[in-house]
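# Descriptive structure summary
Residues per chain, in single letters:
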Amino acid sequence: MPDNSRRRANEPQAVGWPHSTDEGGQCRWREGERELFLAVLPYKVISRGKHCLYSEIGVTVETKLERISQLSTENPKMVFTSIGHLINKELLTDCHKEMDGDKAVGIDGVTKDEYGRNLEKNLDRLVERLRKKSYKPQPAKRVEIPKDNGKTRPLSIYCYEDKLVQEALRRILEAVFEPHFYDEMMGFRPNRSCHKALRKLNVMIEKRTTSYVLDADIKGFFDHIDHEWAVRFIESRIKDPNITRLVRRMLKAGIMEDFQYEETEEGCGQGSVCSPIIANIYMHYVLLWWFKETVQPSLRGFAGIVVYADDFVCCFQNKDEAEMFYERLKHRMNHFGLELEENKSRLIEFGRFADVQRRKVGKKPDTFTFLGFTHYCSKSRNGKFRVKRTTSRKKFAKKCKEVHRQIAEMRTQPVAEIIKKLNQILVGYYHYYGITDNFRAIRNFRYRVSRSLFFWLNRRSQKKSYTWDAFIMMLKEKPLAEPKIYVSIYG
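Residues numbered from 1 in each chain as written. Predicted model: local features only at pLDDT ≥ 70, side-chain atom pairs only at ≥ 80, totals over all residues. Heavy atoms only, no water.

As a further point, take the overall build of the chain. For the chain, the count of helices and strands is 18 helices and 13 strands. Buried residues in the chain amount to 49% of all 491 residues. Within the chain, contacts between residues separated by at least 24 positions form 70% of all contacts whose residues are at least 6 apart in sequence. For the chain, the accessible area works out to roughly 25400 Å², and carbon and sulfur atoms hold 49% of it. (Helix = DSSP H or I, 4+ residues; strand = E, 2+ residues; numbered from the N terminus. Buried < 20%, exposed > 50% of the residue type's maximum accessible area, 1.4 Å probe, protein only. Contact = heavy atoms within 4.5 Å. Areas by Shrake-Rupley, 256 points an atom, 1.4 Å probe, with all protein chains shown as cover.)

Right, here's the structure in full:
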């Protein structure tokens, strides 16, 4: 009989929620738990020498990555120690074919077409540098993108060759980690979308005993990812030094802003090809793993979570447990170098029971915004409780201003061309915001677009081009796309 007692003693122990952080924000560990936190030690190790990742010679890169994904799925405790060699000329060539050539260029100014003119030699040199471990990514070009609140969002633009390496790295990380992500993580994943996240949230609120909702947002999430923690999380399943070396060099490549070089001590640049998968790995261990494996089992009532990138919503049945989780969440985020955005994070009473209780005292239930939709309590036609959603006021106003500016820029073009481009904008808008119960909002958006079009068409000359009646007649001949519901929340 094998000695299972020693093996069980070495297996990772779940860190209880009351003991996960102290009041000062520092994690408290029982003896030996710090290393077991990442559950690395007891994992089975797979190496090229002991296991055959792909048995047939000449198989494609996609087949190799599929095999890795299959092994990772079938063996949840497997650690890969030799997969860096998959970043070869074949994989990089495939990445080059799939890369979007219309993206902005990095500090070297090289486009996809320019790189592809001498593709064979460029890839040979790149693979040789990777083999000799002399490859170092160039600094990213930093640009600032305006946000809704008047602030700016930093965007990192990388050189084309670095994008190829990042894409290859992304595919390997995704093959290993994707099978282990929870279903509640919806952002930057295959066959996941914002609408699926909304459907899952809708089920938790309408079908489960949700009475309190924590709508949370992490302050500058991508800018404050801790590099050491990110590498440790990746090392929990990939022990190949070639992979971790690439991750470290990519994270610490630095940025160029106004011709000045700045080191990157923390954060993962938004705009990097592999930043979404690294962000998902970080959120998996910092939030979802903790919530699913430690928090949920210790609660008396129902608790659920939906995560999309750095935005997440938690649902609770009991108020005391929701408040306890909120406080512990702040400490845990601080421990991993993150901080909740207090202005965007709040715990509210929400759900069928909250709706009844608040209406008894003459108050309306609170609302919350998630993924561009404001959620509110309502009733169906037969009087049953329903969660309905409408376009967020901020998102609506921002899009109206954006379209108003776009019409101003193309007002000198023929009317038919203007309407053709506006219809492309409208249909794209309907495909996202055309969701159950939101018809009135998308119809209002179409009306605002028509008003902006009327405004700018009448400023193409000193005299008015159209009266309102003549404008309506023109739209009958060259109509704007009609609003349509494309997504069912119950689909």
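Now that the structure is up, let's keep going.
Confidence along the chain averages 86 in pLDDT terms, with 87% of residues attaining 70 or more. Ignoring residues within four places in sequence, the model shows residues 1-52, a span with pLDDT below 50, making 90 contacts including any to other chains. (pLDDT = per-residue confidence, 0-100.)

With that settled, the discussion passes to the pairing of strand β5 (residues 212-217). Of all 6 residues that make up β5, 6 are buried, and the element is covered over most of its length. Alignment of β5 against strand β9 (residues 311-316), held across 6 bridges, turns out to be antiparallel. By the bridge assignment, V213 is partnered in β9 with C315. Note that β5 and strand β10 (residues 346-349) share 4 bridges and pair antiparallel. Considered in β10, the bridge of V213 is made with I348. (Pairing = 2+ DSSP bridges.)

Okay, the sheet that holds β10 next. In a beta sheet, neighbouring strands are held together by backbone hydrogen bonds and run either parallel or antiparallel to one another. Overall, antiparallel pairing links the 4 strands, which are arranged β8-β9-β5-β10 in an open sheet. The sheet is open, and its two edges are formed by β8 (303-308) and β10, each paired on a single side. Neighbour to neighbour, the strand axes of the sheet diverge by 15° on average, direction disregarded. Running over the sheet, helix α9 (residues 194-206) touches β8 and β9 and is turned about 165° from β8. (Axes fitted to C-alpha atoms, helices over the stretch in contact; angles between N-to-C directions.)

Below, the discussion takes up the pairing of strand β12 (residues 373-379). With 5 of 7 residues buried, β12 lies mostly within the body of the structure. Here 3 bridges tie strand β11 (residues 368-370) to β12, and the two strands are oriented antiparallel to one another. Each bridged residue has a counterpart across the sheet, and for F370 the counterpart in β12 is F373. Between the end of β11 and the start of β12, which pair antiparallel, lie 2 residues, with L371 showing a positive phi angle near 60°. Sheet analysis places β12 next to strand β13 (residues 385-391), joined by 7 bridges and oriented antiparallel. Residue K379 lies in a different strand from β13, and its bridge partner there is F385. In sequence, β12 turns back onto β13 through a hairpin of 5 residues, with G383 there showing a positive phi of about 90°.

What follows deals with the environment of L287. Mapped onto the elements, L287 comes out in helix α12 (residues 275-295). Between the alpha carbons of L287 and F312 there is a distance of 9.7 Å; along the sequence they are 25 residues apart. Ignoring any residue separated from it by four or fewer positions in sequence, one finds L287 in contact with I305, V307, F312, L329 and M333.

Before going further, it helps to examine helix α16 (residues 415-433). The end-to-end C-alpha separation of α16 is 26 Å, in line with the 27 Å expected for 19 residues at 1.5 Å each. Turning to α16, the residues buried within the fold contact β12, β13, α15 (393-409), α17 (439-457) and α18 (468-477). (Expected span 1.5 Å × (residues − 1).)

All right, on to the pattern of salt bridges then. Scanning all chains against the criterion turns up 20 salt bridges. Between E128 and K132 there is a salt bridge, and its shortest N-O distance comes to 3.5 Å. Using a relative accessible area of 54% as the deciding quantity, one classes K132 as exposed. D437 is the salt-bridge partner of R386, the closest N and O atoms lying 2.3 Å from each other. Here R386 is found in strand β13, whereas its partner D437 is found in the loop between α16 and α17, with 51 residues between them in sequence. A residue is classified by how much of its surface remains accessible, and D437, at 30% relative accessible area, is partly exposed. Among the charged side chains, a network of salt bridges with common partners joins D94, E167, R170, R171 and E174. (Salt bridge = Lys/Arg side-chain N within 4 Å of Asp/Glu carboxyl O.)

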